[in-house]
Amino acid sequence: MMTEFRTEPLAQLACSTLVVCSFEGSTDAAGTAELLPSETKSLLEELRAGRELTGKPFECTLVHRPAGLAAQKLLVVGAGKKEKFNSSQLRRVAGAAVRFLRSRGIHDLAWA
């Protein structure tokens, strides 16, 4: 496993898959999804309105060629309720993301 820390803006981060988390019950982008550019956040708001993205724990939503990002794919992982989120939940959310991507043959990711 190789770990690399990068500081460039998410919109300019060229990678195979960018992973962010989103909290349940939020009407707008919450969690690390709030760091995304406005074009991408508006896409996520449309998915929320269509009930395709709820933020429920470990729910994975994969978006191909997301608007406003240099990443090829965006994976939004549900982190559950914000008030119950802690470091243990973060580890479980990261594990869900890795399992989801690995099952689709994706072996590299950037985590926001």
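Description of the structure in this document. (Residues numbered from 1 in each chain as written. Predicted model: local features only at pLDDT ≥ 70, side-chain atom pairs only at ≥ 80, totals over all residues. Heavy atoms only, no water.)

**Things to note about the sheet that holds strand β1 (residues 17–22)**
Phase 1: Pairing within the open sheet is mixed, and its four strands lie in the order β2-β3-β1-β4. Each edge of the sheet is formed by a strand with only one pairing partner; in this case those strands are β2 (60–64) and β4 (110–111).
Phase 2: Seen against the sheet, helix α2 (residues 87–102) touches β1, β2, β3 (73–78) and β4 and runs at an angle of roughly 140 degrees to β3. (Pairing = 2+ DSSP bridges. Helix = DSSP H or I, 4+ residues; strand = E, 2+ residues; numbered from the N terminus. Contact = heavy atoms within 4.5 Å. Axes fitted to C-alpha atoms, helices over the stretch in contact; angles between N-to-C directions.)

**Some words on the pattern of salt bridges**
Phase 1: Summed over the entire model, instances satisfying the criterion amount to two salt bridges.
Phase 2: Of the charged contacts, one joins E8 and R6 as a salt bridge, the two residues approaching to 3.1 Å between their closest N and O atoms.
Phase 3: Residue class for R6 comes out partly exposed when judged on its relative accessible area of 42%.
Phase 4: Within the structure, one salt-bridge network assembled from shared partners comprises E4, R6 and E8. (Salt bridge = Lys/Arg side-chain N within 4 Å of Asp/Glu carboxyl O. Buried < 20%, exposed > 50% of the residue type's maximum accessible area, 1.4 Å probe, protein only.)

**Some points on the environment of A79**
Phase 1: Relative to the helices and strands, A79 is located in the loop between β3 and α2.
Phase 2: With relative accessibility at 1%, the residue A79 sits in the buried group.
Phase 3: Sequence separation of A79 and T54 is 25 residues, and the distance between their C-alpha atoms is 9.8 Å.
Phase 4: Beyond its immediate sequence surroundings of up to four residues, A79 is in contact with C21, S22, F23, G55, K56, P57, F85, Q89 and V93.

**Focus on the pairing of β3**
Phase 1: Among the six residues of β3, six are classified as buried, and the element is accordingly described as predominantly covered.
Phase 2: On β3, burial covers both faces: K73, L75 and V77 on one face and L74, V76 and G78 on the other are all buried.
Phase 3: In the sheet, β1 pairs with β3 via six bridges, with the strands oriented parallel. If you follow L18 over to β3, its bridge partner there is L74.
Phase 4: Note: β2 against β3, five bridges, orientation antiparallel. When the bridges of β3 are listed, T61 appears paired with V76.

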